[in-house]
Amino acid sequence: MSMKKIIYLSLSLLLLFSCNRPLKLLEKGKDKKALKSSLLRLKRGKVKPDLVYVFVQSFHNVTDKDAQIISEMRNAGQPKLWLKIREKAIDIDNRQIQVEKIAQRIATKGYFPDLDFYPAKKLIEEATDNVALYYYAQALEFIPSARNGEKRAARKAYAQILNCRKYRPSFKDALELEDEMLELGITHVLVQPVESNLSLELEDQLVEMFFYKNEFPKTYNWKVIYFEKPAETVIDFYAEFYFDNLREDGCYTSQSCCSNTETVQAGCEIQKVWNEKDSVYVEISVPIYEDVSVSVTTYRQSLDTSLELFCDIINAKTNQKSKSFSVYERSCWGNEYSNVSGDRRALNFLCSDEGGWRRSPPDPIELWFTAAGNSRYGFIKKLKKSIY
């Protein structure tokens, strides 16, 4: 058999199999695939009776199966199943939109199939109402505890109400409940400094740096942190903090030395060389080399300071301490400079001049101010973890 005949036979079999594929799928009980395949062929291809048959029969089969599934979920009596019923109804509606378009196309070719459409849009509306009701009922379970001061319950109720309003924005009194649960779920924290063992002047300066260039109140998820007591807001917790354990190690200077020798060109000298070609002496320039050395002493100045912030979390209702934590913060200063002795031409990357000059270290108080400002980040992080 020639290669042309083999190719022709293969293409013929492939075409035959392709044309019969929707029917084959239908005969195997693969209704969804059969419907999808027939929809694709009828969308642009030639309208044939066998394709129309598969299209109609597979559509009826798929619709009947989905209707049975929906009926079983309805009869189960579980409110949560309305979520799945709604998803199924949306799938049916999307499918029927495609089927209706194909039905209109094949009608222009003289085919008018009897298609029973499922009332999907009506079911979507019903399911949407029931889904909203399901989430609303879930929220109602937490509301009594929320109104008794349980903030976690208020937050759970708030989440369920958001779910409810996602399906029905104006469902019953959900909007009012959303606002109420949001307010009940928020934890209001007042940050306030307290006296420490430090001098009053230093204490005030550290606190000023702690709050420097920061606007309050700050909102973090379900927590609102204040620096000044709000007029009409009930405070849930007080975060009382102070600075202590201020430490400075004094200015420390270390040094390291290196040296290096390099061979460099020092100049040139003129020498006379006999040129045999021209039978004359010619002058040439010959480089002169010499060894040069250098020594470098590098000085490193450092000043290390630290402090600690201590905080007690006080429950505003009971006036009892609920938690405590501390934040350790360092602030360091450094300076590096070099003294070079010898010929700088001998410097290289292993023995280099760091430049710079000797500087007087800052007052440790300046570094403590920096540490106080930086401690705010660790303070906020631990404060958020310490309250609910």
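Up top you'll find the structure we're talking about.
Residues numbered from 1 in each chain as written. Predicted model: local features only at pLDDT ≥ 70, side-chain atom pairs only at ≥ 80, totals over all residues. Heavy atoms only, no water.

Re the nonpolar core
Working step 1: Membership of the largest hydrophobic core comes to 37 residues, with the highest contact counts inside it found for Ile 85, Tyr 135, Cys 164 and Met 181.
Working step 2: Breaking this core down by element, the ones donating at least two residues are helix H3 (49-76), helix H4 (82-107), helix H5 (120-147), helix H6 (151-167), helix H7 (174-185) and strand E3 (223-226).
Working step 3: Looking at which element gives the most residues to this core, the answer is H5, with twelve residues.
Working step 4: When near neighbours in sequence (up to four residues on either side) are disregarded, Tyr 135 contacts Leu 83, Gln 160, Asn 163, Cys 164 and Tyr 167.
Working step 5: If you look at the next biggest cluster of nonpolar residues, it comprises 27 residues, including Leu 309, Phe 325, Val 327 and Leu 383. (Core = buried A, V, L, I, M, F, W, Y, C linked by side-chain atoms within 4.5 Å. Buried < 20%, exposed > 50% of the residue type's maximum accessible area, 1.4 Å probe, protein only. Helix = DSSP H or I, 4+ residues; strand = E, 2+ residues; numbered from the N terminus. Contact = heavy atoms within 4.5 Å.)

Topic: helix H9 (residues 364-386)
Working step 1: The terminal C-alpha atoms of H9, which comprises 23 residues, lie 31 Å apart, in line with the 33 Å expected from a rise of 1.5 Å per residue.
Working step 2: The axis of H9 is deflected most strongly, by about 30 degrees, at Arg 376.
Working step 3: The N-capping residue of H9, defined by a side-chain oxygen 2.9 Å from the backbone nitrogen of Ile 365, is Asp 363. (Expected span 1.5 Å × (residues − 1). Bend = angle between axes of the 7 residues up to and from the residue. Polar contact = N/O pair within 3.5 Å; in protein donor to acceptor, adjacent residues only side chain to side chain.)

Some points on the packing of H5 against H6
Between two packed helices, the angle of one axis relative to the other and the distance separating the axes together describe the packing.
Working step 1: Relative to each other, H5 and H6 sit at 165 degrees, their axes nearing to 8 Å. Taken together, the axes of H5 and H6 are roughly antiparallel relative to one another. In the crossing of H5 with H6, the sense of the turn from one axis to the other is left-handed. Of the residues in H6, those touching H5 at Thr 128, Val 131, Ala 132, Tyr 135, Tyr 136, Gln 138, Ala 139, Phe 142, Ile 143, Ser 145 and Ala 146 are Ala 153, Ala 154, Lys 156, Ala 157, Gln 160, Ile 161, Asn 163, Cys 164 and Tyr 167. (Axes fitted to C-alpha atoms, helices over the stretch in contact; angles between N-to-C directions. Parallel < 35°, antiparallel > 145°, perpendicular 65-115°, else oblique. Left-handed = near helix turned anticlockwise from the far one by under 90°.)

Topic: the environment of Leu 40
Working step 1: Inspection of the secondary structure assignment puts Leu 40 in helix H2 (residues 31-44).
Working step 2: As for Leu 40 and Ile 102, which are separated by 62 residues in sequence, their C-alpha atoms are 9.4 Å apart.

Some remarks on the state of the cysteines
Working step 1: Tallied over the full model, the rule gives one disulfide.
Working step 2: Note on cysteine connectivity: Cys 258 is disulfide-linked to Cys 351, with sulfurs 2.2 Å apart. Taking the torsion about the S-S bond as the criterion, the Cys 258 to Cys 351 disulfide, at about 85 degrees, is right-handed. Residue Cys 258 is located in strand E4 (residues 237-275), and its partner Cys 351 is located in the loop between strand E6 (321-342) and H9; the two are separated by 93 residues in the primary sequence.
Working step 3: For Cys 258, a relative accessible area of 24% gives the class partly exposed.
Working step 4: Classification of Cys 351 by relative accessible area gives buried; the value is 2%. (Disulfide = S-S within 2.5 Å.)

Digging into the sheet that holds strand E1 (residues 187-193)
Working step 1: The strand order across the open sheet formed by six strands is E2-E3-E1-E4-E5-E6, and the pairing between neighbours is mixed. Strand pairing shows two members of the sheet lacking a second neighbour, strand E2 (218-220) and E6, which therefore form its edges. Taken pair by pair, the neighbouring strands of this sheet meet at an average axis angle of 30 degrees, ignoring direction.
Working step 2: Two elements, strand E5 (residues 280-315) and E6, share 21 bridges in a ladder whose sense is antiparallel. If you follow Cys 311 over to E6, its bridge partner there is Phe 325.
Working step 3: Strand contacts of helix H8 (residues 200-210): E1, E4 and E5, with the helix running at about 70 degrees to E4, the strand carrying the most contacts. (Pairing = 2+ DSSP bridges.)

Comments concerning the packing of aromatic side chains
Working step 1: Applying the stated criterion across every chain, the model contains 20 aromatic pairs.
Working step 2: Aromatic pair Phe 325 and Phe 379: ring centres 5.8 Å apart, planes at 45 degrees, arrangement tilted. With Phe 325 in strand E6 and Phe 379 in helix H9, this pair connects stretches of sequence that are 54 residues apart. Phe 379 carries the same exposure label as Phe 325, and that label is buried. (Phe/Tyr/Trp six-rings, centres within 6.5 Å; stacked < 30°, edge-to-face > 60°.)

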